[in-house]
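Examination of the molecular architecture
Each chain, written out:
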There are 2 protein chains.
Amino acid sequence: MPDTAEKQACDLLIEAPWVLPVAPENVALADHAVAVSEGIIVAIGPSQALKQQFAAEEHVVVTDGILTPGLINAHTHAAMSLLRGCGEDLPLQSWLNERIWPLEGKLVDSEFVRTGTALGVAEMLASGTTTFSDMYFFPEVCAEVARNAGMRVQLAFPLFDGANAWSESIDDCFSKGLELHDRYRDDPQVIVAFGPHAPYTVNRKALEKIQMLSEEINLGIHIHLHENAAEVAEARSLNGVSWVEYLADMGFLSPQLQAVHMTQLTEREIELTATNGVHVIHCPHSNLKLASGLCPTTALREAGVNLAIGTDGAACNNTLDVLQEARTASLLAKHDAGRADAGCVRDTLEMATLGGARAIGMETSLGSIEPGKRADLAVFEPTGFATLPLLDPFASLLHGAPSYRASHVWVDGRAVVRSGALTNIDTQALRRDVEQQAERVRAAL
Amino acid sequence: MPDTAEKQACDLLIEAPWVLPVAPENVALADHAVAVSEGIIVAIGPSQALKQQFAAEEHVVVTDGILTPGLINAHTHAAMSLLRGCGEDLPLQSWLNERIWPLEGKLVDSEFVRTGTALGVAEMLASGTTTFSDMYFFPEVCAEVARNAGMRVQLAFPLFDGANAWSESIDDCFSKGLELHDRYRDDPQVIVAFGPHAPYTVNRKALEKIQMLSEEINLGIHIHLHENAAEVAEARSLNGVSWVEYLADMGFLSPQLQAVHMTQLTEREIELTATNGVHVIHCPHSNLKLASGLCPTTALREAGVNLAIGTDGAACNNTLDVLQEARTASLLAKHDAGRADAGCVRDTLEMATLGGARAIGMETSLGSIEPGKRADLAVFEPTGFATLPLLDPFASLLHGAPSYRASHVWVDGRAVVRSGALTNIDTQALRRDVEQQAERVRAAL
């Protein structure tokens, strides 16, 4: 056994009974460890070997639990956490027109967004998510909240025709969003992308501008697409083609595009999605809750499309828990494909991690536990009896999701959750702020 | 304010910020309390009033949480908890023929059932379930385990053609099962029912005998029915009619019948189910995981059918958590009906409580918080941020299920869970027993 002097220094060494690295091989590694230096994963290997190789500043020994890449929530509206439970069991059109939009009109300002985002960030970190893609008003507030909490965010800054609480016009959206891009250009914690709401709320000229700018400055585009049948039918009656076809005709489909929802796809649309390298963000709870239809994940996967998982906002979920979402994604895939071997646990964990990283263009630095990648990591600790016996760590984690809690979470190697407690968030102050905003919501209902 | 002397004595008074009684009105009651004497609910009312009315032996004040009737798991095979994760992502026929049945052939004996049932019971109590309906070999062992843990059980004793580890023949099943009925005739904690596995594994003469005996001695019948399309197609090719029609022709459909799964139903079969008062047990996770199809809960409800919720066994779920199952039932109902107002939260909570009580013929004593009913109760305490803000207690509990834990659970007014800890189960010994059986499972895989 070598002396400490001969060991390589590192900041953090995490040992766990099970490590699921997702890549390069999506396998379960027993009794493995991960070494981290300056926020970067420097090694992964058997615990015994790594303990001999490294002298770590901090040594975390997980006695019972599973270490995974931090989860990636590829689509949410974090601030809408304040509207959780405000419009239950309403049909989609009433939900939007009579509940959500009027409430947003009355309530949304920068403080609403600050508190709502903080609530969403707290929930996501505490459930093992290290990166989220957010699309909401006041994205500059979201960026601040995420950075302060030590969380990574893709800001898909909103672009809509017309005015809203955040911007006077779609031109104003462009200038505010591009200012954000400038501000966070060198910050690996904040990734900026275009967030055109949907092809039916953004005029064609603006879409063309987004497409051009996206190519020029290499920014992603995050858009709601084919969320439900009514929207597709409307496209056909307006344009003679579906929205996917409309965007394909414009040359809008590309590997920069993150298409959210994508229920209601024809074979040809699946092919267009695949050949153009479009990423699909699957939001199963939201699609079920709003009766939007199902995203054909198995057909998309077989066509070669990269898939990621999003929780959507809490008003149509009602949680931002990516692991629960992944469980439902796996179950729905089996149902939708009519095959119990579809939606397998390994593919689903990949969707919730590396798939999300690919979608936001960060697959070289996020989404798996590989040397050279950023140390965004989560430990899931079993909390009850539903994890016993542990015969298959993938299935135990995914299908036993309600019985795991994220006990330790790191972003860039910095602990954001320790023993289940959030390290950067004053949770008492957060609860007070939430209650204050909740009073506004109740008054507006 | 009256003196203690003027107050009415009771054993237990539980105050909670929210009480969801399910019946007589399925509403949310703020700041209510429930009084219990000799295992029976004696009053429900505003906390202030009940504190003045009752002098309680034990006074439980829930500062943050929701009090509901104990959940009812209307279909499981608790002992299969030991096979959790043993056959992931296999198509149904391989799952059964190549994995589950061979494993059961090698492993199942009374000790396997004792440990597996104890594991299932521990998980169910800890997640707020107070009654479960079990269908597995060695039901006499299940009865002992449940009674020792203070949990209520419906033993649907298995009836199969052919021999198995528990019985030599179907005649042997009858005699062993009826012996159980005799033994537990006066025990409100153990309800005995016939558990014919399925119409395709039980010969017609035996089904006729079950039907006759069920009427004579007033026992329920619990059966797997129309679990998937292949089974129904086989029925049509064998008998020219589906299994539901086959049983209807026999006069087997009645309010005694608990039909489990019931995916693949024609309009006529829904009508037969409704007019004959058959109860339907919906197992959404199992149906999704095995790609069996969906139970048309909205059409059944509209036809007047009583619906209950079951988790099925852990090998096809992988948890026995009724609240999670109810969440999925609500979401799937919206998808299946194509309407976001289907599967509403109140109806779904009723399915998970009073619906289950009706199915097992216990609606006069279980399933709601009403004076005169048995005090089977659960407190769900929020554990994280996904429960904030609380705008709708039904939605918060159901759709925020992963963020609630059952902190206190009572069966017949006796605490089976206190502050999240199981009162009657030696959890260390249970973990040891589970690990011992898990070694057998691993060796047999």
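This text goes with the structure placed above it.
This write-up is about the structure you can find in this document.

Parameters and conventions
- Residues numbered from 1 in each chain as written.
- Chains lettered and ligands numbered in written order.
- Predicted model: local features only at pLDDT ≥ 70, side-chain atom pairs only at ≥ 80, totals over all residues.
- Heavy atoms only, no water.
- Bend = angle between axes of the 7 residues up to and from the residue.
- Helix = DSSP H or I, 4+ residues; strand = E, 2+ residues; numbered from the N terminus.
- Buried < 20%, exposed > 50% of the residue type's maximum accessible area, 1.4 Å probe, protein only.
- Contact = heavy atoms within 4.5 Å.
- Buried area = accessible area lost by both parts, 1.4 Å probe.
- Salt bridge = Lys/Arg side-chain N within 4 Å of Asp/Glu carboxyl O.
- Polar contact = N/O pair within 3.5 Å; in protein donor to acceptor, adjacent residues only side chain to side chain.
- Pairing = 2+ DSSP bridges.
- Axes fitted to C-alpha atoms, helices over the stretch in contact; angles between N-to-C directions.
- Phe/Tyr/Trp six-rings, centres within 6.5 Å; stacked < 30°, edge-to-face > 60°.
- Lys NZ or Arg CZ within 6 Å of the ring centre and 35° of its normal.
- Least-squares fit on C-alpha atoms with pLDDT ≥ 70 in both.

1. A look at helix 2 (residues 92-107) of chain B
Residues and elements named next belong to chain B. The largest bend in helix 2 amounts to roughly 30° and is located at I100, with the proline P102 lying one to four residues further along. Here helix 2 has its buried residues at L92, S94, W95, L96, I100, L103, E104 and L107. For helix 2, the elements touching its buried residues are helix 3 (110-126) and helix 15 (427-444).

2. Remarks on the interface of chain B and chain A
The partner chain A presents 60 residues to the 60 residues of chain B that form the contact. Interface area for chain B against chain A, summed over the two sides, is near 4,700 Å², with a carbon-plus-sulfur share of 66%. Looking only at chain B, the three residues that lose the most surface to chain A are D89, F385 and L391 of chain B, adding up to 17% of its buried area. At the junction of chain B with chain A, the criterion picks out 2 salt bridges. For D89 of chain A, the salt bridge goes to K334 of chain B, with nearest N and O atoms at 2.5 Å. Across the contact surface, chain B and chain A share 14 residue pairs in polar contact (both at pLDDT 80 or more).

3. A closer look at the sheet that holds strand 9 (residues 190-196) of chain B
Residue and element names in this part refer to chain B. With parallel pairing, 8 strands are arranged side by side in an open sheet as 6-7-8-9-10-11-12-13. Two strands lie at the open edges of the sheet, namely strand 6 (71-76) and strand 13 (307-309), each paired on one side alone. Between one strand axis and the next, the sheet turns by 25° as a mean value, whatever way the strands run. Pairing analysis gives 2 bridges linking strand 9 to strand 10 (residues 220-225), with the strands arranged parallel. Its bridge partner being in strand 10, A193 is matched across the sheet by G220.

4. Focus on the packing of aromatic side chains
Scanning all chains against the criterion turns up 10 aromatic pairs over all chains. Plain terms: the ring middles of W243 of chain A and Y246 of chain A are 5.0 Å apart, the flat faces sit at 90° to each other, and that makes the pair edge-to-face. Of this pair, W243 of chain A and Y246 of chain A both sit in helix 8 (residues 243-250), separated by 3 residues, roughly a single helical turn. Taking relative accessible area as the criterion, Y246 of chain A reaches 11% and is therefore assigned buried. Members of the aromatic cluster, connected to one another through ring pairs, are Y136, F137 and F160 of chain A. One residue, R204 of chain A, lies across the ring of Y246 of chain A, its end atom 5.1 Å from the ring centre. The aromatic ring of W166 of chain B is capped on one face by K176 of chain B, whose charged end is 5.8 Å from the ring centroid.

5. A closer look at the pattern of salt bridges
Scanning all chains against the criterion turns up 53 salt bridges over all chains. The shortest N-O distance in the salt bridge between E88 of chain B and K289 of chain B comes to 2.9 Å. Of this pair, E88 of chain B sits in the loop between strand 6 and helix 2 while K289 of chain B is found in helix 10 (residues 284-289), placing the two residues 201 residues apart along the sequence. Take K289 of chain B: its relative accessible area is 5%, and that puts it in the buried class. Close ionic contact of R442 of chain B with E435 of chain B constitutes a salt bridge, the shortest N to O distance being 2.9 Å. A relative accessible area of 36% places E435 of chain B in the partly exposed class. Through salt bridges with shared partners, a single network forms among R152, R374, D376 and D412 of chain A.

6. Here's the deal with the pairing of strand 14 (residues 377-382) of chain A
All names here are of chain A. Counting buried positions along strand 14 gives 5 out of 6 residues, so the element sits mostly inside the fold. Here strand 5 (residues 66-69) runs beside strand 14; their pairing, made up of 4 bridges, is antiparallel. When the bridges of strand 14 are listed, I66 appears paired with F380. Of the pairings in the sheet, the one linking strand 14 to strand 15 (residues 404-411) comprises 6 bridges and is antiparallel in character.

7. A look at the relation of the copies chain B and chain A
Between chain B and chain A, the superposition needs a rotation of 180° and an axial shift of 0.0 Å, giving an RMSD of 0.0 Å. Accordingly, the operation relating the two chain copies is best matched by a two-fold axis. When C-alpha distances to the rotation axis are compared across chain B, the minimum falls at P402 of chain B, with a value of 2.7 Å. Both copies share a contact surface, since 100% of the interface residues of chain B are interface residues in chain A too.

8. Quick look at the environment of A274 of chain B
All names here are of chain B. Note that A274 resides in helix 9 (residues 267-275). Distance from A274 to L253, taken between C-alpha atoms, is 9.6 Å for residues 21 residues apart in sequence. Once residues within four sequence positions are removed from consideration, A274 is found in contact with A303 and V305.

9. Remarks on the environment of D64 of chain A
All names here are of chain A. Relative to the elements of secondary structure, D64 occurs in the loop between strand 4 (54-61) and strand 5. Separated by 131 residues in sequence, D64 and G195 have C-alpha atoms that sit 40 Å apart. Discounting residues that sit within four places of it in the chain, D64 has contacts with P17, E381 and P382.

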